[in-house]
Amino acid sequence: MLNRIILMGRLTRDPELRHTQTGTPVASFSLAVDRDFRSRDGGERATDFIDVVAWRGTAEFVSKYFSKGRMAVVEGRLQIRDWTDREGNKRRSAEVMADNIYFGDSKRDGDSSAGNYSAGSFSRPTPPPPTDYGIPSGGDQFSELTDDDGDLPF
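Figured I'd write up the structure that's included with this text. Quick caveat: nothing in here was measured; it's all calculated off a predicted structure.

A few words on the overall build of the chain. Looking only at helices and strands, the chain features one helix and six strands. Looking at the chain residue by residue over its 154 residues, the buried ones come to 26%. Contacts in the chain between residues at least 24 apart in sequence constitute 58% of all its contacts with a sequence separation of at least 6. A total accessible area of about 11900 Å² is found for the chain, and carbon and sulfur atoms account for 50% of it.

Pasting the structure below:
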């Protein structure tokens, strides 16, 4: 059996970080995810609002570095939860239990109040300058083979 889901969307609100009675961190938030197709009548894309729950270190990470409007990529599993509302009616909710959450944008693209995340701390190092490896500079760097018998080695 397989239950994997990957979503990319924008947070509709700041993550809400809580702790269980035993002190385990849990964060909940909602993602606005556009559908891949446009409606027939207006040509607009429909948007789904999907509830996401993250536990432990992932919960602390998302509550520290993400805020409303930030693009996030969520990897996890779909979970259906049955519950009873205040009037005693049976309800059912679908939510994504997040295993991993990744940045879907850079800090300068997203909301500037996204915590202490520094785009510079995640930048790639500058590659070293190219070396010539003994190849003469300028002119033709390739020479024609004179002993080619026409047979391919494969």
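Moving on, there is more to tell.
Before going further, it helps to spend a moment on the packing of aromatic side chains. By the definition in use, this model includes five aromatic pairs. Centre to centre, the rings of tyrosine 65 and phenylalanine 103 are 6.4 Å apart; their planes meet at 75°, and the pair counts as edge-to-face. Taken together, the residues span a long stretch of sequence, with tyrosine 65 in helix H1 (residues 56–65) and phenylalanine 103 in strand E6 (residues 90–103) at a distance of 38 residues. Of the residues examined, phenylalanine 103 reaches a relative accessible area of 24% and is grouped as partly exposed. Judged by centre distance (4.9 Å) and plane angle (15°), the ring pair of phenylalanine 66 and phenylalanine 103 falls under stacked. Of this pair, phenylalanine 66 sits in the loop between H1 and strand E5 (71–84) while phenylalanine 103 sits in strand E6, and the two are 37 residues apart along the sequence. In this structure an aromatic cluster arises from ring pairing among Phe61, Tyr65, Phe66 and Phe103. We note arginine 70 situated over the ring of phenylalanine 66; from NZ or CZ to the ring centre the distance is 5.9 Å.

In this section: the pairing of strand E1 (residues 5–11). Strand direction decides the pairing type here: E1 and E5, joined by six bridges, are antiparallel. Looking at E5, one finds that arginine 10 is bridged to methionine 71. The pairing of E1 with strand E3 (residues 25–38) spans two bridges and is antiparallel. Within the sheet, the bridge partner assigned to arginine 10 lies in E3 and is alanine 32.

A separate point is the pattern of salt bridges. Across all of its chains, the model carries nine salt bridges by this definition. Arginine 18 is paired through a salt bridge with glutamate 16; the nearest N and O atoms lie 3.7 Å apart. Given the relative accessible area of 40%, glutamate 16 is considered partly exposed. Across the pair aspartate 82 and arginine 92 runs a salt bridge, and its minimum N-O distance is 2.9 Å. One end of the pair, aspartate 82, is in strand E5; the other, arginine 92, is in strand E6, and 10 residues separate them in sequence. Arginine 92 shares its class with aspartate 82; the two are exposed. Salt bridges sharing common partners tie together Arg4, Glu75 and Asp99.

A negative phi angle is the norm for most residues apart from glycine, just as the trans form is the norm for most peptide bonds. If you check the backbone angles, arginine 56 has positive phi at about 55° while not being a glycine. With respect to the helices, strands and loops of the structure, arginine 56 is situated in helix H1. When its relative accessible area of 53% is taken as the criterion, arginine 56 is described as exposed.

Procedures and definitions
Residues numbered from 1 in each chain as written. Predicted model: local features only at pLDDT ≥ 70, side-chain atom pairs only at ≥ 80, totals over all residues. Heavy atoms only, no water. Helix = DSSP H or I, 4+ residues; strand = E, 2+ residues; numbered from the N terminus. Buried < 20%, exposed > 50% of the residue type's maximum accessible area, 1.4 Å probe, protein only. Contact = heavy atoms within 4.5 Å. Areas by Shrake-Rupley, 256 points an atom, 1.4 Å probe, with all protein chains shown as cover. Phe/Tyr/Trp six-rings, centres within 6.5 Å; stacked < 30°, edge-to-face > 60°. Lys NZ or Arg CZ within 6 Å of the ring centre and 35° of its normal. Pairing = 2+ DSSP bridges. Salt bridge = Lys/Arg side-chain N within 4 Å of Asp/Glu carboxyl O.

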